[in-house]
Amino acid sequence: VQFQRLGLVIVDEEQRFGVTHKERLKALRHDVHVLTLTATPIPRTLQMALSGLRELSVIATPPVDRLAVRTTVGPFDPVVLREALLREHHRGGQSFVVVPRIADLPDLEALLRETVPEVRFVTAHGQMAAGEIEERMTAFYEHRYDVLLATSIVESGLDIPNANTLIVCRADMFGLAQLYQIRGRVGRAKRRAYALLMTSADGTLTVAAEKRLQVLASLESLGAGFELASHDLDQRGAGNLLGDEQSGHIREVGFELYQSMLEDAILAAKAEASGLKPPEDPFSPTITTDAAVLIPESYVPDLAVRMALYRRAADLHAGDEVEAFAAELIDRFGKLPAETANLLKAVEAKQAARRAGILKIEAGPKGLLVSFAPGGYPAPDRLLRWIEAQKGAARLRPDQKLFLARELPTPGHRLGGALALARALAKLAEAPARDRTTAEAPARDRTTAVAPARPAPPQPARRMAIGSYRARK
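Residues numbered from 1 in each chain as written. Predicted model: local features only at pLDDT ≥ 70, side-chain atom pairs only at ≥ 80, totals over all residues. Heavy atoms only, no water.

1. Remarks on the side chain of Glu88
- Turning to its location among the elements, Glu88 is positioned in helix H3 (residues 78-90).
- What makes Glu88 buried here is its relative accessible area of 1%.
- A polar side-chain atom of Glu88 sits 2.7 Å from a polar atom in the side chain of Arg91.
- Not counting the four nearest positions on each side in its chain, Glu88 is found in contact with Gly93, Gln94, Ser95, Asn162, Asn164, Thr165 and Arg191. (Helix = DSSP H or I, 4+ residues; strand = E, 2+ residues; numbered from the N terminus. Buried < 20%, exposed > 50% of the residue type's maximum accessible area, 1.4 Å probe, protein only. Polar contact = N/O pair within 3.5 Å; in protein donor to acceptor, adjacent residues only side chain to side chain. Contact = heavy atoms within 4.5 Å.)

2. Thoughts on the environment of Leu166
- By the element assignment, Leu166 lies in strand E7 (residues 163-169).
- Taking C-alpha positions, Leu166 is 9.1 Å from Gln94, a pair spaced 72 residues apart along the chain.
- If sequence neighbours within four positions are ignored, Leu166 has contacts with Phe96, Val98, Ile182, Arg183, Val186, Tyr194, Ala195 and Leu196.

3. What to know about the pattern of salt bridges
- According to the stated counting rule, one finds 18 salt bridges in the structure shown.
- The salt bridge partner of Lys190 is Asp65, with a shortest N-O separation of 3.6 Å. Taken together, the residues span a long stretch of sequence, with Lys190 in the loop between helix H6 (176-183) and strand E8 (194-199) and Asp65 in the loop between helix H2 (43-50) and strand E3 (70-75) at a distance of 125 residues.
- What makes Asp65 partly exposed here is its relative accessible area of 46%.
- Look at the salt bridges and you will find they share partners, linking Arg312, Glu328 and Arg332 into a network. (Salt bridge = Lys/Arg side-chain N within 4 Å of Asp/Glu carboxyl O.)

4. Quick look at the side chain of Gln15
- In this fold, Gln15 is placed in the loop between strand E1 (8-12) and helix H1 (19-26).
- One polar contact links Gln15 to Glu13, side chain to side chain, over a distance of 2.9 Å.
- At 2.6 Å, the side chain of Gln15 forms a polar contact with the side chain of Thr38.

5. Here we look at the packing of helix H12 (residues 338-355) against helix H14 (residues 411-430)
- Across the interface, H12 lies against H14 with an axial gap of 8 Å and an inter-helix angle of 25°. The orientation of H12 with respect to H14, classified from their angle, is roughly parallel. Judged by the twist between their axes, the crossing of H12 over H14 is left-handed. Of H14, the residues touching H12 (which contributes Asn342, Lys345, Ala346, Glu348, Ala349, Ala352, Ala353 and Arg355) are Leu415, Leu419, Ala422, Arg423, Ala426 and Glu430.
- Of the residues contributing to the contact of H12 with H14, the split by class is eight nonpolar, one polar and five charged. (Axes fitted to C-alpha atoms, helices over the stretch in contact; angles between N-to-C directions. Parallel < 35°, antiparallel > 145°, perpendicular 65-115°, else oblique. Left-handed = near helix turned anticlockwise from the far one by under 90°. Nonpolar A, V, L, I, M, F, W, Y, C, P; charged D, E, K, R; others polar.)

6. Quick look at H12
- Between its first and last C-alpha atoms H12 spans 26 Å; for 18 residues at 1.5 Å apiece the expected length is 26 Å, and the two agree.
- Buried-residue contacts for H12 involve strand E9 (286-288), helix H10 (303-314), helix H11 (319-333), strand E10 (358-364) and H14.
- Once H12 ends, the next one or two residues include Gly357, with phi positive near 70°. (Expected span 1.5 Å × (residues − 1).)

7. Side note on the packing of aromatic side chains
- Tallied over the full model, the rule gives three aromatic pairs.
- With a centroid separation of 5.5 Å and 55° between ring planes, the pair formed by Phe96 and Phe140 is classed as tilted. Here the residue Phe96 occupies a position in strand E4 (residues 94-98), and Phe140 occupies one in helix H5 (residues 130-141), the gap between them amounting to 44 residues.
- Judged by its relative accessible area of 0%, Phe140 is buried.
- Positioned over the ring face of Tyr194 is Arg87, at 5.2 Å from the centre of the ring. (Phe/Tyr/Trp six-rings, centres within 6.5 Å; stacked < 30°, edge-to-face > 60°. Lys NZ or Arg CZ within 6 Å of the ring centre and 35° of its normal.)

8. Quick notes on the confidence of the model for the protein chain
- A residue-level look at the protein chain finds 84% of positions with pLDDT of 70 or above and a mean pLDDT of 80.
- A low-confidence stretch, residues 433-473 stays under pLDDT 50, and its non-local contacts, those more than four residues away or across chains, total 52 contacts. (pLDDT = per-residue confidence, 0-100.)

9. Looking at the packing of H3 against helix H4 (residues 105-115)
- H4 packs onto H3 with a crossing angle of 70° between their chain directions and a minimal axis gap of 11 Å. Considering the angle they form, H3 stands roughly perpendicular to H4. With respect to the hand of their crossing, H3 and H4 are arranged in right-handed fashion. On the side of H3, the interface is formed by Pro78, Leu81, Arg82 and Leu85, while H4 contributes Leu111, Leu112 and Thr115.
- In terms of residue class, the contact of H3 with H4 is made up of five nonpolar, one polar and one charged.

Quick look at the structure:
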């Protein structure tokens, strides 16, 4: 098809199109505007909208007098099937029975003839000729049949107000968005509709299938498509925004890092488009020691909770936030294990290193090696005087790295030394001019501040954290 002046492309039922299809439509004209419509956006499309790459508009207002579809989930039962179909038949309505595969149709046909002889049914599937499918659908629409037995071809495009009961056999074999679309075939008038999602007779389900069915059963309100699509995004992953994968996780760099990189790129692009200075890339200091830095599984057994705690720890920006986080951990899970205490020390050391312009601190048995960020140390004159005051224990190497000689025999000493050094250099960099004398105290006092003789006992720290936490509450 050749368009003379194509300006707008509207894609309805967007979840049925692949990335290649939509990109080909956009390629018909370089500056074409694209509007996509769907009740259940695919994870990739929803993620692009949530990330700011696309504009999003949600229509959450249902038609007047529309009632929500009552949804139940359970194992396949011929008695329940018969009761549901007869109830709809006696109130003058029609029903859908949907199966996942064409091979399942003959068994269901035999079951309907034997179990529910009172109703008339017709079968439709995608391998039939187009004329035959249209003839059967027309007959069902004209109420010559009470039940339409079909595959997922009924997912979209049907508007039969008189059909208000839906039975999905082996619902665990359908996707979340697909089930939502199929459920949308009923309840399209002012009458209450019912949807029965039947699993295998023995009731065995995979974890993912059980989660899908629970989400669908819980979202019975009208206009819940956006919330359901959000669950779909959470379960299946956002796909590849730079490729054609419409779902799945970014295994190469990890989803969290990919999201962070994407957010930075979007902010830079928006700043450039508006003529503003793009935001500076925040560097993340590295603290290298051989101390165990983690939240043990024995301390927080649930993996999702542990990952959430790791994310929160990475977002801490001040010492009082670290203290409050420690108090919360003690409150929820008990006394901090040594590995988790080390994690909080590492987080605090990173905070101090960022304020001091430190890119990396490497701690070994004989001392600490500091690498500065490309911008260098914020107060080089104070740093030089501080090095002189160390009486040879500290020196600046030709590669502009700072080495501080200290005896740090254990991993705990090395992590504590890195934290103390980062604090000292941050305090030195942030000291105002009138406090330079204090910041450049004699070497004896600073030696104690930079490398403590032994790690602080955990119990006083625990009491301090709890006391501060209660004071804030």
